[in-house]
Amino acid sequence: MERTLEQWLAGRREQEIFLKGVACVLRVASALEVLEARREAAGLAAGDREQALCSNACLLAKALRRDGKRVFEGGEQVLAALTPGEISRLAAELGRLNEAENPSPEDPWEASDARKKAWSTRPTSG
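Residues numbered from 1 in each chain as written. Predicted model: local features only at pLDDT ≥ 70, side-chain atom pairs only at ≥ 80, totals over all residues. Heavy atoms only, no water.

Quick word on the overall build of the protein chain
Along the protein chain, the regular secondary structure elements total six helices and four strands. Helices and strands in the protein chain line up, N terminus first, as α-β-β-α-α-β-β-α-α-α. Across the 126 residues that make up the protein chain, the buried fraction comes to 25%. When contacts within the protein chain are restricted to residue pairs at least 6 apart in sequence, long-range pairs at least 24 apart make up 57% of them. (Helix = DSSP H or I, 4+ residues; strand = E, 2+ residues; numbered from the N terminus. Buried < 20%, exposed > 50% of the residue type's maximum accessible area, 1.4 Å probe, protein only. Contact = heavy atoms within 4.5 Å.)

Structural data, given as structure tokens:
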């Protein structure tokens, strides 16, 4: 049976993680979700020094799921529930996941070539 594009993308763009001992899914956010997270973070941050932490918290609120539902309603809940270190660790993991699924044309040739080879050898039926 052929998979739809949506099923294919969903399978590649997420990974299971444990958040405070509970299994969750960390998934790559859509472009719209990233824009929404940026706007929310602008409202939470009182200055430039707070912007990165608030941005990461808002993006994680969009990216963390459990049982198909968001773990946090918004960035403010993430800030209240997690430490700056936990937010940083999860944001770094999200960054690695995003980088693996959305390679940059600026990447070194070897990295792009390795991704193309992995892509060409993966099973296509599911």
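Looking at unusual backbone geometry
One non-glycine residue, Lys20, adopts positive backbone phi at about 55°. The topology assignment puts Lys20 in the loop between strand E1 (14–19) and strand E2 (22–27). Classification of Lys20 by relative accessible area gives exposed; the value is 55%. Phi is positive for Asp67, close to 55°, though the residue is something other than glycine.

Topic: the side chain of Arg27
Position of Arg27 relative to the elements: it lies in strand E2. Judged by its relative accessible area of 16%, Arg27 is buried. Reaching out from Arg27, the side chain makes a polar contact with the side chain of Glu33 at a distance of 2.6 Å. The contacts of Arg27, once residues within four sequence positions are left out, are Arg13, Glu14, Glu33, Lys62, Ala63, Arg65, Leu94 and Leu97. (Polar contact = N/O pair within 3.5 Å; in protein donor to acceptor, adjacent residues only side chain to side chain.)

Considerations on the sheet that holds strand E4 (residues 69–70)
On the basis of which strands lie adjacent, the open sheet formed by four strands has the order E1-E2-E3-E4 and antiparallel pairing. The open sheet has two free edges, formed respectively by E1 and E4, since each of these has just one partner strand. Here two bridges tie strand E3 (residues 64–66) to E4, and the two strands are oriented antiparallel to one another. Looking at E4, one finds that Arg66 is bridged to Lys69. (Pairing = 2+ DSSP bridges.)

Examining the environment of Gly68
Among the structural elements, Gly68 can be located in the loop between E3 and E4. Gly68 sits in the exposed class, given a relative accessible area of 62%.

Focus: the pairing of E1
Where E1 and E2 come together, six bridges link them in antiparallel fashion. Within E2, the position partnered with Glu14 by the bridge is Arg27.

Overview of the pattern of salt bridges
Evaluated as defined, the whole model comprises five salt bridges. In this structure, Glu86 engages Lys20 in a salt bridge whose closest nitrogen and oxygen atoms are separated by 3.3 Å. With Glu86 in helix H5 (residues 84–101) and Lys20 in the loop between E1 and E2, the pair connects residues that are 66 residues apart, well separated along the chain. The partner of Glu36 in a salt bridge is Lys62, with the nearest N and O atoms 3.1 Å apart. (Salt bridge = Lys/Arg side-chain N within 4 Å of Asp/Glu carboxyl O.)

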